[in-house]
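Chain by chain, the residues run as shown.
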Amino acid sequence: MTLTADTRTGFTTRLFIDGAWTDAAATFEDLNPATGEVLARVADASAEDVDRAVRAARAALEGVWGETPGVARGHLLNKLADLVERDAQELARLEALDIGKPAGQPAMLDVPNTIATFRHFAGWADKIQGATIPTAGYLGMAKTHSYTVREPVGVIGAIIPWNTPLMIAAWKLGPALAAGNTVVVKPAEDAPLSILHLGKLVEEAGFPAGVVNIVPGLGGGAGAALVAHPDVDKISFTGSPEVGRLIQKAAADTFKRVTLELGGKSPQIVAEDADVEAAINGIAMGLFFNQGEVCAAGTRVLVHRSHYDTVVEALAQAADAQVLGDPFAESTTMGALVNADQRRRVLDYIEAGKASGAKLVAGGEHDGPGFFVRPTIFADVDNSSKIAQEEIFGPVGAVIPFDTLDEAIAIANDTPYGLAATIWTRDVSNAHTLAAKIRAGAVWVNGWAAIDPALPWGGMKSSGIGRELGWSGILANTEEKVVTIVL
């Protein structure tokens, strides 16, 4: 599929509340990361707009959506999946324009995963069951019949990140809607366009008004209003630990449920018995995909000393071989970072890596115009340094040698994060041993980012609280009620 950057087609930029598209009193600029130019002016939802969206979601929950059976919810999710598939090229184009990533990447991963997620949860919508539980009876005098049911949590506020917005919106919408919740979506201000187009597809699919509402806006405005709203029952947030902490504290005031996915500093471990060629290819993907703006990016590369020089040299060559440029050019393999602040952040980390004494073996510069940074590899990195401990969210890899698997485990776990890890080994015993001892929500063996809608997703430590996707996604979007009848 060949995608173009044709921007003659107008973008959807308005609020979607209670089944209608409306304007906001203010707008914000959405920039093209590859050029720094303005793509669109997007509605900036106010606290009053957010309140209207929440009230619409509550009305739908207590009205038509609350009476909609699971089989009908499943039909609507399947219809939405069909429409995403129909508009796959347009959605991939919007993601490339808005985020700066090469257009082939959302066409390969983000859009297909979005379709698969909606279809997966369409299948769950009429299969959410409780249990019958035998008890000793009521006060020793009467028999009882006790059972549980799973009910929707209620109105859910879904706050979406800018790195993979369409896919993560589906991760939040799919299970929430399958379980019978209503949702207010707050897209990231840096990348709202694909989610706003998704709103058009929600409307076309025939979801009742108020079931899905979309309120683009700034985090300190629309986002804060959504988190603080007393009639929102749960916040599902993907983003930084710093913002996640603020959300958890604010949610405590109204005892909101929270699911927080807060990034990572994921290790990739190359064991002595690894297929080194396969490992190098996989490590490069884990470092450079989506410009390294991936929560599970494998940015700490732990290599057995017997392969260390080979891996360092190969990764340096892979970094130098990346072609930065127009996301729609066939020759481009890496796009721009999302905005000027993110470019500045990544460049500051590169300077910190140099100051720490790590060896710069590739990259380290920025290109322009746009928000480009050359992919960068540091060797001989001390695991206590900033570039090994803090999430950079850019194409910067830190290569660290080890001599024993116990040493590799210690280094892998010596970080505040615990989202994901990758192990490269041909020894099944090593694979299971390492997987059991690494503290991460997902461990992949001989492949990076083996994600699927059927598999739970979430982290440990500073990488967050709770799980999305799979049956865990249904559990996270329902409350368990016990009913006991004294016979």
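Our subject is the structure listed above.
Residues numbered from 1 in each chain as written. Predicted model: local features only at pLDDT ≥ 70, side-chain atom pairs only at ≥ 80, totals over all residues. Heavy atoms only, no water.

Enquirer: Looking at this model, I keep getting lost on the side chain of Arg300. Mind explaining?
Expert: Structurally, Arg300 is set in strand β13 (residues 300–304). Despite being buried, Arg300 has no salt bridge partner; Asp414 is the closest side chain of opposite charge, sitting 6.6 Å away. Setting aside residues up to four positions removed in sequence, Arg300 forms contacts with Lys265, Ser266, Pro267, Gln268, Asn383, Ala388, Ala398, Ile411, Ala412, Asp414 and Thr415. (Helix = DSSP H or I, 4+ residues; strand = E, 2+ residues; numbered from the N terminus. Buried < 20%, exposed > 50% of the residue type's maximum accessible area, 1.4 Å probe, protein only. Lys, Arg positive; Asp, Glu negative; His and termini not counted. Salt bridge = Lys/Arg side-chain N within 4 Å of Asp/Glu carboxyl O. Contact = heavy atoms within 4.5 Å.)

Enquirer: Help me understand the sheet that holds strand β24 (residues 478–486), please; the structure alone is not making it clear to me.
Expert: Picture the strands of a sheet paired through backbone hydrogen bonds; they go either parallel or antiparallel. Strand order in the open sheet formed by 3 strands is β5-β6-β24, with antiparallel pairing between adjacent strands. Here the strands that pair on one side only, and so sit at the sheet edges, are β5 (132–133) and β24. Looking at chain direction, strand β6 (residues 144–152) and β24 are connected through 9 bridges and run antiparallel. Considered in β24, the bridge of Pro152 is made with Thr478. (Pairing = 2+ DSSP bridges.)

Enquirer: Quick question: what am I supposed to make of the nonpolar core here?
Expert: Here is a general trend for soluble globular proteins: nonpolar side chains tend to be buried in one another's company. In terms of nonpolar packing, the biggest core is built from 70 residues, with Phe118, Leu177, Phe207 and Trp457 touching the most fellow members. Examining the composition of this core, we find that 10 residues originate from one element, helix α5 (residues 165–178), more than from any other. Other than its neighbours up to four places away in sequence, Phe207 contacts Trp65, Leu76, Leu77, Leu80, Leu177 and Val202. By size, the runner-up hydrophobic cluster in this structure holds 30 residues, among which are Val303, Val312, Ala316 and Val399. (Core = buried A, V, L, I, M, F, W, Y, C linked by side-chain atoms within 4.5 Å.)

Enquirer: What is the right way to read helix α2 (residues 70–86) from this model?
Expert: In an α-helix, one turn spans 3.6 residues; hence positions three or four apart end up facing the same way. The first and last C-alpha atoms of α2 sit 24 Å apart over 17 residues, in line with the 24 Å expected at 1.5 Å per residue. Burial in α2 covers these residues: Gly70, Arg73, Gly74, Leu76, Leu77, Leu80, Ala81, Leu83 and Val84. Those residues of α2 that are buried lie in contact with α3 (88–99), α4 (104–124), α5 and α6 (193–205). (Expected span 1.5 Å × (residues − 1).)

Enquirer: Sorry, what's going on with the pairing of β13 here?
Expert: Looking along a regular strand, one sees side chains alternate from face to face of the sheet. For β13, the buried fraction is high: 5 of the 5 residues fall into the buried class. Residues Arg300, Leu302 and His304 line one face of β13 and the alternating positions Val301 and Val303 line the opposite face, and both faces are buried. Here strand β12 (residues 267–270) runs beside β13; their pairing, made up of 4 bridges, is parallel. For Gln268, the partnering residue across the bridge sits in β13 and is Val301. You can see the chain leave β12, run along helix α9 (residues 276–288) and come back into β13, and the turn it takes is right-handed. (Right-handed = clockwise from strand over helix to strand, strands pointing away.)

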